[in-house]
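Descriptive structure summary
Now for the letters of each chain:
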Amino acid sequence: MKQERDYIEDLAEIRSMMERTSKFLSLSGWAGILVGLYALAAAYVAKIMLGFNPDEVMYSLPVKGNSSNIFVIATGLLFVALCTALFFSYYTARKRGEKAWNATSRRMLINMGVPLVVGGFFILIMFLKGATGLMMPLSLIFYGLALFNAAKFTYGEVRIMGFVYMASGLLSVYFLEYSLLLWAFGFGVVHIIYGLYMHFKYER
Amino acid sequence: MKVSIDGLNKAFESRIRLGIMSALAVNDSLDFNSLKEFLDVTDGNLASHLKALEKEGFVQVEKSFIGRKPNTNYTVTALGLRAFQAHLAVLEQLILKNKNAK
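Note that the coordinates shown come from a computational prediction; the quantities given were computed from them, not determined experimentally.

If you tally the helices and strands in chain A, you get seven helices and zero strands. Listed by position from the N terminus, the elements making up chain A come as α-α-α-α-α-α-α. The principal-axis extents of the C-alpha atoms in chain A amount to approximately 80 × 25 × 25 Å. Burial status across chain A gives 46% buried among its 204 residues. Nonlocal contacts in chain A, meaning residues at least 24 apart in sequence, comprise 75% of its contacts between residues at least 6 apart. As displayed, chain A has an accessible area near 11100 Å², and 71% of this comes from carbon and sulfur atoms.

Next up on the list: the UniProt feature "domain: Winged helix DNA-binding" (unreviewed entry) in chain B. The feature "domain: Winged helix DNA-binding" (unreviewed entry), as annotated in UniProt, sits at residues 16-95 of chain B in this numbering. Split by type, residues 16-95 of chain B is 62% helix and 22% strand. Its first and last C-alpha atoms lie 21 Å apart.

In this section: the pattern of salt bridges. If you walk through the whole model with that rule in mind, you get eight salt bridges over all chains. A salt bridge links Glu98(A) to Arg96(A), with the nearest nitrogen and oxygen atoms 3.7 Å apart. What makes Arg96(A) partly exposed here is its relative accessible area of 39%. One salt bridge connects Lys36(B) with Asp43(B), and the closest N-O pair in it is separated by 2.9 Å. A residue is classified by how much of its surface remains accessible, and Lys36(B), at 28% relative accessible area, is partly exposed. What emerges from the salt-bridge pattern is a single network uniting Glu9(A), Asp10(A) and Arg15(B).

Cut-offs used in this document
Residues numbered from 1 in each chain as written. Chains lettered and ligands numbered in written order. Predicted model: local features only at pLDDT ≥ 70, side-chain atom pairs only at ≥ 80, totals over all residues. Heavy atoms only, no water. Helix = DSSP H or I, 4+ residues; strand = E, 2+ residues; numbered from the N terminus. Buried < 20%, exposed > 50% of the residue type's maximum accessible area, 1.4 Å probe, protein only. Contact = heavy atoms within 4.5 Å. Areas by Shrake-Rupley, 256 points an atom, 1.4 Å probe, with all protein chains shown as cover. UniProt positions renumbered as here; feature names shortened; annotations may be inferred. Salt bridge = Lys/Arg side-chain N within 4 Å of Asp/Glu carboxyl O.

Quick look at the structure:
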């Protein structure tokens, strides 16, 4: 007959297996901190150096420099942020002795990716139609929806972050003149706070 | 269904089988390779445990092709889920009883 210790170990094993197979837990706080810093830098460059500060829906891009500069900054930021997140997830997964590309990470990425891709196209269309003032609120709202959706498959804190983004996005449509500030708060400050929280809670 | 003296289901005596059931209980379905990765076991070992669970009627197998590669998907049956939950309840009670006896 089995010992009591065996029963406890059985239960612990069951619990860990249920969590490991349903949630992707290799998100790194460092990625959040770095992505937040990039976003703050990008917002600074856009406002101070390019004079980008939308205050109406049909906002005409500043003549200072080239209007495509904003586009370059936005896509560049997206690319660097994605690389950072992927790199740290890969590294964290390896440290945990798991593979970064497994059933749970696939599921999380699909659930996060669908709202993001739809939002991305929406923002691109708004940009082409000249509604540049909506780009930042929309990016906040769709990113919030993506996080809310992805949260089912990772740490629960991600859901709260999703709500913060959606709220900032809605606020920034109403107060368009503060949309760059709210964008910097969302993608910059919230990412950094989240990163610090995750780092101290799960990685130390 | 074989049950040992302490009320535990014999089919779940192995940790690997418990792991399989836990993974399938929280997922709609999982393929062979994902299960193998999560449990960190060899092909043969996993296959034999899956076969045993299938024989009990606890898991359901669905074979298909992704392109040309064969893909085997496993889902837990209603019977399997009930048996697994009963097993969990017995485990909990055994632990409680041991605690109270001390």
